[in-house]
2 protein chains.
Amino acid sequence: MSTDQPVTVEVGLGDRAYDILIGSGLLLRAGEEISRRLPGTRAAVVTDENVAAAHLDTLKAGLEKGGIQPTVITMPPGEKTKSFAHLEAVVDGILAARLERGDVVIALGGGVIGDLTGFAAGIVRRGMNFVQIPTSLLAQVDSSVGGKTGINSPRGKNLVGVFLQPKLVLADTEVLDTLPVREFRAGYAELAKYGLIDRPDLFAWLEANWEKVFAGGPERAQAIAEACRAKADVVARDEFETGDRALLNLGHTFGHALEAATQYDGARLVHGEGVAIGMALAHRFSSRLNLASPDDAARVEAHLSAVGLPWRMSDIPGDLPDAEALLAFITQDKKVSRGALTFILTRGVGQAFIAKDVPASEVLSFLRESHPVSRKAG
Amino acid sequence: MSTDQPVTVEVGLGDRAYDILIGSGLLLRAGEEISRRLPGTRAAVVTDENVAAAHLDTLKAGLEKGGIQPTVITMPPGEKTKSFAHLEAVVDGILAARLERGDVVIALGGGVIGDLTGFAAGIVRRGMNFVQIPTSLLAQVDSSVGGKTGINSPRGKNLVGVFLQPKLVLADTEVLDTLPVREFRAGYAELAKYGLIDRPDLFAWLEANWEKVFAGGPERAQAIAEACRAKADVVARDEFETGDRALLNLGHTFGHALEAATQYDGARLVHGEGVAIGMALAHRFSSRLNLASPDDAARVEAHLSAVGLPWRMSDIPGDLPDAEALLAFITQDKKVSRGALTFILTRGVGQAFIAKDVPASEVLSFLRESHPVSRKAG
Ligand SMILES: NC(=O)c1ccc[n+]([C@@H]2O[C@H](COP(=O)([O-])OP(=O)(O)OC[C@H]3O[C@@H](n4cnc5c(N)ncnc54)[C@H](O)[C@@H]3O)[C@@H](O)[C@H]2O)c1
Ligand SMILES: NC(=O)c1ccc[n+]([C@@H]2O[C@H](COP(=O)([O-])OP(=O)(O)OC[C@H]3O[C@@H](n4cnc5c(N)ncnc54)[C@H](O)[C@@H]3O)[C@@H](O)[C@H]2O)c1
Ligand SMILES: [Zn+2]
Ligand SMILES: [Zn+2]
């Protein structure tokens, strides 16, 4: 374990401002960092079975150093855990521990645990203190920052939740060493996303340095910190997603449709993989609409492919529903404003923008073209 | 139906400020009032079977005049509806109607429907627009104002929820004519509460005018408006209940314990009745602690008794658990701060205050004294 000083990224949200600490060995410093900010607090830790097996003992030791003996609530791993039933179980676990409003609920896990736990912390006693200890790359660069929490509904992903800013985020870069590489890659898609939205230099840096990010050198912490800064910037501009924050949905409209089309079956497609394919499609679609050069789309596809991410629909194992069915998943998506289709499109790498009133017919013919069946047939 | 101009009470909460309109015939003006504030909105109405039978058609006609054709979601009546299962059903009904974040969810009903619906509106898509149309006296003077929403947990009442300020409250005084008198009385307890907290003139006015408030003359609207002003004042001072707002819990610590002790069985005790007994007990307990004169306690008991409200434990039909068990319900109550008992006590009518560190032993011996069993025995 390294004793390097962590990098601090401040999320500037007035009286809801908080720090993100990024570095190695942070699990062992959790008690100190939390009790410094919330003196005398009691705590519940919510985690999943995989993460508990790898990191719970370390976190407990770290909390113990700050005088905190947490109640632990362990959920099954996987996207299906973001449900009303598991929300109710976490809420009950927190209440059973007799925690009060001033106590803290800690999420130790990936985006699933972070989203579920944040939602529970936001509604028990109408809002408790919340700390994120993200353990997947996706959670470190994306879901743990920004205050969106929630669960899925049978009618769509992330349709139910609250905004709740954490008091602190501890991104321990070392815990990523136990993350399956497929999950690491999926998180990498969200990291690359910030480059594609409005940081072309970051994207170019990643093209040159991605192998070091995967290997775990100082470049890993550097990349995560840069991603947190990028997300914190957008969130500070638009905390409640009434405008600009929608840019973070680059790749997500297509991505969510593909996740729905594969019944959220992680064996076929995990969220970040859907985002990777979605980003490639968003670039290709923008080029087809003559908004961006096809070279940019090709560059994005090449990089995703180099890191081993899926980038086209045919990279998904098994059959997909046809283009019409995929469009239906898209129009059910929450980013539909009064019936018109809203997409994040781009003028090139680092030049994404919010496009309202994208004609459904254009989307449909693009989906037909990009569909594996027509590709094979064509 | 009267065409009097409604009274407007403004709730001053900065960018979350909103109006409470109080008067007769407001259901028929709902469409106009809502579409003026939220042009082009679509709507879901959540109600219960009793209220739907008496008032849904009128509200639909009123919404229609504003061009709004709502989706209606009807729940069973009663406190048990404030549960995770019903929350999930309301959330699903709103999503099934394909409402978006800018659309509105309307609660038409008493406090149960208002609390449940507000919670659902607060979490669908992380927050939609919300309008309260309270139809019980309790909801008009209390639960519809202030932004607290929520459901019950098997571990206690109102332990799960969010703060969500409505965009508008329409308190139609005429709808109260169909309210069972027992429910009207229960709401009256919360109305009298504002007098007991810090408005001694209001309490004296109610002692003189309560029969007119029950009968439905202009005094009814006047009393409701005064109550809304009282609550709005406290809420504007302390929106998220970190201090003063706790004064509104006068009578509620004992009240909640009695509700729990009677298994929330409305046939034995409804919320406002529990509050009535709780207020009388809080005054008597304050007098026993030499904080207030016993004359004030007697005055409160006399008024509650005059309007036909229960005011002592022996007024509850059936057996109650013993004093020790009642105390256990109190210490489970969420108004326990780090193990110490917090009570709202009083120095006399209109002089309530927040008392921290009330010794549990004092509460216990007071409960023993006040308990029907020891009263009979003594
Ligand atoms: N709130 C937001 O703003 C936001 C943003 C993006 C994504 N999300 C959500 O995040 C979720 C995806 O997050 P995720 O990819 O982290 O999924 P996840 O939480 O399911 O984690 C992926 C897998 O990795 C395992 N895991 C996590 N950390 C580990 C570690 N250090 N060692 C070993 N195994 C580990 C988990 O048990 C799980 O099996 C989705 O539900 C998505 O909707 C939310
Ligand atoms: N959110 C808050 O700040 C707050 C404050 C106080 C109380 N509350 C909550 O409010 C609830 C109690 O509210 P309530 O007393 O209105 O209960 P309720 O909603 O159950 O209504 C009482 C009964 O009256 C019926 N009813 C309501 N309006 C009617 C009408 N106009 N005509 C005929 N029948 C009608 C209902 O169907 C129900 O049977 C409790 O759950 C309590 O926790 C919340
Ligand atoms: Zn994502
Ligand atoms: Zn009450």
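Thresholds applied
Residues numbered from 1 in each chain as written. Chains lettered and ligands numbered in written order. Predicted model: local features only at pLDDT ≥ 70, side-chain atom pairs only at ≥ 80, totals over all residues. Heavy atoms only, no water. UniProt positions renumbered as here; feature names shortened; annotations may be inferred. Donors = N, O, S within 2.8 Å, 3.2 Å for Na, K, Ca; no water. Helix = DSSP H or I, 4+ residues; strand = E, 2+ residues; numbered from the N terminus. Buried < 20%, exposed > 50% of the residue type's maximum accessible area, 1.4 Å probe, protein only. 1 Å grid on protein atoms, 1.4 Å probe; cavity = no way out; pocket = protein on both sides within 12 Å on 5 of 7 lines; lining within 4 Å. Contact = heavy atoms within 4.5 Å. Least-squares fit on C-alpha atoms with pLDDT ≥ 70 in both. Buried area = accessible area lost by both parts, 1.4 Å probe. Salt bridge = Lys/Arg side-chain N within 4 Å of Asp/Glu carboxyl O. Phe/Tyr/Trp six-rings, centres within 6.5 Å; stacked < 30°, edge-to-face > 60°. Lys NZ or Arg CZ within 6 Å of the ring centre and 35° of its normal. Axes fitted to C-alpha atoms, helices over the stretch in contact; angles between N-to-C directions. Left-handed = near helix turned anticlockwise from the far one by under 90°. Nonpolar A, V, L, I, M, F, W, Y, C, P; charged D, E, K, R; others polar. Pairing = 2+ DSSP bridges. Points joined across faces, edges and corners; volume = space filled by probe spheres on them. Near = heavy atom within 4 Å. Polar contact = N/O pair within 3.5 Å; in protein donor to acceptor, adjacent residues only side chain to side chain. Areas by Shrake-Rupley, 256 points an atom, 1.4 Å probe, with all protein chains shown as cover.

- The name an unreviewed UniProt entry assigns to chain A is 3-dehydroquinate synthase, from the organism Mesorhizobium erdmanii.
- Annotation of chain A in UniProt includes, under Subcellular location (unreviewed entry), the sentence "Cytoplasm".

**What to know about the coordination of the zinc ion (ligand 3)**
Residues and elements named next belong to chain A.
- In the first shell of the zinc ion (ligand 3), the protein supplies E190 (OE), H252 (NE2) and H271 (NE2), at 2.0 to 2.2 Å from the metal.
- Site description for the zinc ion (ligand 3): donor spacing in sequence, E-x61-H-x18-H. Separated by 62 residues along the polypeptide, E190 in helix α6 (residues 181-198) and H252 in helix α9 (residues 252-261) bring together distant segments of the chain. Comparing E190 with H252, the two get one shared label, buried.

**Observations concerning the UniProt feature "binding site: NAD(+)" (unreviewed entry) in chain A**
- As annotated in UniProt, the feature "binding site: NAD(+)" (unreviewed entry) corresponds to G111, V112, I113, G114, D115, T135, S136, K148 and K157 of chain A in the numbering used here. Taken from the residues named earlier, the lining of the second largest pocket is made up of G111, V112, I113, D115, T135, S136, K148 and K157 of chain A.
- Assignment of secondary structure puts K148 of chain A in the loop between α5 (137-143) and β7 (151-153).
- In this structure, K148 of chain A is in contact with D115, S143, V162, F163, E241 and R245 of chain A together with R126 of chain B, ignoring residues within four places of it in sequence.
- Residue class for K157 of chain A comes out buried when judged on its relative accessible area of 8%.

**Some words on the relation of the copies chain A and chain B**
- Rotating chain A by 180° and moving it 0.0 Å along the rotation axis overlays it on chain B with an RMSD of 0.0 Å. Here the two chains are linked by the operation of a two-fold rotation axis.
- Taken together, the interface assignments show that 100% of the residues at the interface of chain A recur at the interface of chain B, consistent with an identical surface on both copies.

**Side note on unusual backbone geometry**
- One non-glycine residue, Y264 of chain A, lies in positive phi territory at about 50°.
- With respect to the helices and strands, the residue Y264 of chain A is situated in the loop between α9 and α10 (271-288).
- Classification of Y264 of chain A as partly exposed rests on a relative accessible area of 25%.
- Look at N290 of chain B: it is not a glycine, yet its phi comes out positive at around 60°.
- For N290 of chain B, the position within the fold is in the loop between α10 (271-288) and α11 (294-306).

**Overview of the coordination of the zinc ion (ligand 4)**
Residue and element names in this part refer to chain B.
- Coordination of the zinc ion (ligand 4) by the protein is provided by E190 (OE), H252 (NE2) and H271 (NE2), with metal-donor distances spanning 2.0 to 2.2 Å.
- Positions of the donor residues of the zinc ion (ligand 4) along the chain correspond to the pattern E-x61-H-x18-H.
- Accessibility expressed as a relative area gives 0% for E190, which makes it buried.

**Remarks on the interface of chain A and chain B**
- Counting residues at the interface gives 38 residues for chain A, matched by 38 residues for chain B.
- Where chain A abuts chain B, roughly 3300 Å² becomes buried across the two surfaces, and 48% of that area is made up of carbon and sulfur atoms.
- Summed over the shared surface of chain A and chain B, the result is two salt bridges.
- Here R155 of chain A ties to D92 of chain B by a salt bridge, and the two come within 2.8 Å at their closest N and O atoms.

**Comments concerning the environment of A54 of chain A**
Residue and element names in this part refer to chain A.
- Mapped onto the fold, A54 is located in helix α2 (residues 49-65).
- Judged by relative accessible area, A54 falls into the partly exposed class, the value being 35%.
- Separated by 121 residues in the primary sequence, A54 and V175 have C-alpha atoms spaced 8.4 Å apart.

**What about the pattern of salt bridges?**
- Counted under the stated rule, the structure contains 53 salt bridges over all chains.
- Note that R16 of chain A is salt-bridged to D15 of chain A, the shortest N-O span being 3.2 Å.
- R16 of chain A sits in the partly exposed class, given a relative accessible area of 36%.
- Accessibility expressed as a relative area gives 71% for D15 of chain A, which makes it exposed.
- Between K193 of chain B and E190 of chain B there is a salt bridge, with its nearest N and O atoms 3.0 Å apart. In this pair, K193 of chain B and E190 of chain B are both assigned in helix α6 (residues 181-198), three residues apart and thus about one turn of the helix distant. Take K193 of chain B and E190 of chain B: they sit in the same class, and that class is buried.

**Observations regarding the packing of aromatic side chains**
- Here the structure, examined in full by the defined rule, presents 16 aromatic pairs over all chains.
- On the numbers, 5.8 Å between centres and 50° between planes, the contact of F254 of chain B with F366 of chain B is tilted. In this pair, F254 of chain B sits in helix α9 (residues 252-261) while F366 of chain B sits in helix α13 (residues 360-370), placing the two residues 112 residues apart along the sequence.
- Look at F254 of chain B and you get buried, because its relative accessible area is 3%.
- Under the relative-accessibility criterion, F366 of chain B is labelled buried at 2%.
- Within the aromatic cluster, the residues linked to one another by ring pairs are F184, Y188, W210 and F214 of chain A.
- The side chain of K193 of chain A reaches across the aromatic face of Y194 of chain A, ending 5.5 Å from its centre.

**Things to note about the packing of α10 of chain A against helix α13 (residues 360-370) of chain A**
All names here are of chain A.
- Orientation of α10 relative to α13, taken along the N-to-C sense of each, is 115°, at an axis distance of 11 Å. You can see that α10 and α13 cross each other, and the crossing is right-handed. Facing α10, whose interface residues are L281, R284, F285 and R288, α13 presents E362, V363, S365, F366, E369 and S370.
- By residue class, the composition of the contact of α10 with α13 is four nonpolar, two polar and four charged.

**Points about the sheet that holds strand β4 (residues 71-75) of chain B**
All names here are of chain B.
- With respect to topology, seven strands assemble into an open sheet ordered β1-β2-β9-β6-β5-β3-β4, the strand pairing being mixed. The open sheet is flanked by β1 (7-11) and β4, the only strands paired with a single partner. Strand-to-strand twist in this sheet, taken as the mean axis angle between neighbours without regard to direction, amounts to 15°.
- The pairing of strand β2 (residues 18-23) with strand β9 (residues 168-172) spans five bridges and is parallel. Residue pairing in the sheet places D19 in a bridge with L168 of β9.

**Examining the layout of surface pockets**
Residues and elements named next belong to chain A.
- Size it by volume and the second largest pocket reaches roughly 1100 Å³.
- Around the second largest pocket, the lining comprises 49 residues; the ones closest to its centre are E79, G111, V112, L138 and H271.
- Secondary-structure elements contributing two or more residues to the lining of the second largest pocket are α2, α4 (111-123), α5, β8 (156-160), α6, α9 and α10.
- Among the elements that make up the lining of the second largest pocket, the one with the highest residue count is α6 (five residues).
- For the lining of the second largest pocket, a count of residues per class yields 15 nonpolar, 17 polar and 17 charged.

**A few points about the site of ligand 2**
All names here are of chain B.
- Taken together, 26 residues sit near ligand 2, with D48, G111, T135, S136 and T178 positioned nearest.
- The separation between an oxygen atom of ligand 2 and a polar side-chain atom of D48 is 2.7 Å.
- In this structure, D115 approaches ligand 2 through a side-chain N or O atom, which is 2.8 Å from a nitrogen atom.
- Compared with its free state, where it exposes 860 Å², ligand 2 has 91% of that area covered by protein.
- Taken together, the residues that form the shell around ligand 2 break down as seven nonpolar, ten polar and nine charged.

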